[in-house]
Amino acid sequence: ILNVEQSPQSLHVQEGDSTNFTCSFPSSNFYALHWYRWETAKSPEALFVMTLNGDEKKKGRISATLNTKEGYSYLYIKGSQPEDSATYLCAFRGDRGSTLGRLYFGRGTQLTVWP
Amino acid sequence: DSGVTQTPKHLITATGQRVTLRCSPRSGDLSVYWYQQSLDQGLQFLIQYYNGEERAKGNILERFSAQQFPDLHSELNLSSLELGDSALYFCASSVDPTPSSYNEQFFGPGTRLTVL
């Protein structure tokens, strides 16, 4: 069984706070790591696809880093806003065998930003 | 709006019944994926189709089946429904599922199935 773990499960912060959360995945047979943002009653929206060890991606106030050797990725949100409230999902894609092409999702980190 | 459409949005039915969920992928996407989101579970991969053919199978029950039609829309059939089948069912699509692609998947709004 391939495990993708996300922590914390939920997070409550004040508007303006910066925050970060973690995605852990297998360090072997790595191909790509995806981050999605999922707002209530909407569909998951792709944020980043990360492929190389040491990758850093940025979109506005949201950024992500990748460490494939140790099997983790961090997602950072700088100066959180109420509209950032959502569940953030990461998904692992392996490079061979039964994992090829499939995305394995973590359970997500639910972020609530209070005004 | 991702460009992936799913119908219906909500479905309420009884145990033992059979339902069909429908998905239309983004224009140009050949690959369709089905996922199940149950309470306290992450998105669980069910099955993938590429250009009409089954490409990969995940945790899909034998009571469930899917197909992709020549116009690339897909249907997920759930039969002999049980209470535990109540979940949010997502469809996603991508352009190219080959190993050289990064397989960015675009999700539809989901169908919420309630089995009473």
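Everything below is about the structure shown above.
Since we're looking at a predicted model, the values are computed, not measured.

J.: Explain the state of the cysteines to me, using residue names and the numbers behind them.
T.: In a disulfide, the sulfur atoms of two cysteines are covalently bonded to one another. In the structure shown here, the tally under the stated rule is 2 disulfides over all chains. Bridging Cys23(A) to Cys90(A), the disulfide has an S-S length of 2.0 Å. As the torsion about the S-S bond is roughly 80°, the Cys23(A)-Cys90(A) disulfide counts as right-handed. Within this pair, whereas Cys23(A) is found in strand β3 (residues 19-24), its partner Cys90(A) is found in strand β9 (residues 86-94), the two being separated by 67 residues in sequence. When sorted by exposure, Cys23(A) lands in the same class as Cys90(A), which is buried. In this model Cys23(B) forms its disulfide with Cys91(B); the gap between the sulfur atoms is 1.8 Å. Negative torsions about the S-S bond denote left-handed disulfides, and the value of about -45° found for Cys23(B) with Cys91(B) makes this one left-handed. A residue pair is termed long-range when its members are at least 10 positions apart, and Cys23(B) in strand β3 (residues 19-24) and Cys91(B) in strand β9 (residues 87-94) qualify at 68 residues. Both residues of the pair, Cys23(B) and Cys91(B), count as buried.

J.: Please provide a residue-by-residue account of the pattern of salt bridges, values included.
T.: All names here are of chain A. Applying the stated criterion across every chain yields a total of 7 salt bridges over all chains. The salt bridge involving Arg61 is made with Asp84; its shortest N-O contact spans 2.8 Å. Taken together, the residues Arg61 in the loop between β6 (56-59) and β7 (62-67) and Asp84 in the loop between β8 (72-77) and β9 connect sequence positions 23 residues apart. Residue Arg61 is classed as partly exposed on the basis of its relative accessible area, which comes to 33%.

J.: I'd like to hear about the layout of surface pockets, residue by residue, with values.
T.: The calculated volume of the largest pocket comes to roughly 1,400 Å³. Taken together, 49 residues line the largest pocket, and the ones lying closest to its centre are Gln37(B), Ser38(B), Gln41(B), Gly42(B) and Leu43(B). Counting only elements with at least two residues in the lining of the largest pocket, the list comes to β1 (5-7), β9, β10 (104-105) and β11 (109-114) of chain A together with β5 (44-50), β9 and β11 (111-115) of chain B. Here the element with the most residues in the lining of the largest pocket is β11(B); it accounts for 4 residues. Its residues assigned to classes, the lining of the largest pocket comprises 19 nonpolar, 22 polar and 8 charged. Taken as a whole, the second largest pocket spans an internal volume of roughly 280 Å³. Residue lining of the second largest pocket: 17 residues in total, with Ser43(A), Pro44(A), Glu45(A), Asp1(B) and Ser2(B) positioned closest to the centre. Breaking the lining of the second largest pocket down by element, the ones donating at least two residues are β4 (30-38) and β5 (45-50) of chain A together with β10 (106-107) of chain B. Residues belonging to the lining of the second largest pocket are distributed by class as follows: 8 nonpolar, 4 polar and 5 charged.

J.: Break down the nonpolar core for me, with residues and values.
T.: All names here are of chain A. Residues Phe21, Leu33, Trp35, Phe48, Leu75, Tyr88 and Leu111 are the most contacted members of the largest nonpolar core, which totals 24 residues. Ranked by residues supplied to this core, first place goes to β9 with 4 residues. In contact with Phe21, other than residues within four places in its own chain, are Ser7, Pro8, Leu11, Trp35, Ser73, Tyr74, Leu75, Ile77, Tyr88, Thr109 and Leu111.

Rules of the game
- Residues numbered from 1 in each chain as written.
- Chains lettered and ligands numbered in written order.
- Predicted model: local features only at pLDDT ≥ 70, side-chain atom pairs only at ≥ 80, totals over all residues.
- Heavy atoms only, no water.
- Disulfide = S-S within 2.5 Å.
- Helix = DSSP H or I, 4+ residues; strand = E, 2+ residues; numbered from the N terminus.
- Buried < 20%, exposed > 50% of the residue type's maximum accessible area, 1.4 Å probe, protein only.
- Salt bridge = Lys/Arg side-chain N within 4 Å of Asp/Glu carboxyl O.
- 1 Å grid on protein atoms, 1.4 Å probe; cavity = no way out; pocket = protein on both sides within 12 Å on 5 of 7 lines; lining within 4 Å.
- Points joined across faces, edges and corners; volume = space filled by probe spheres on them.
- Nonpolar A, V, L, I, M, F, W, Y, C, P; charged D, E, K, R; others polar.
- Core = buried A, V, L, I, M, F, W, Y, C linked by side-chain atoms within 4.5 Å.
- Contact = heavy atoms within 4.5 Å.

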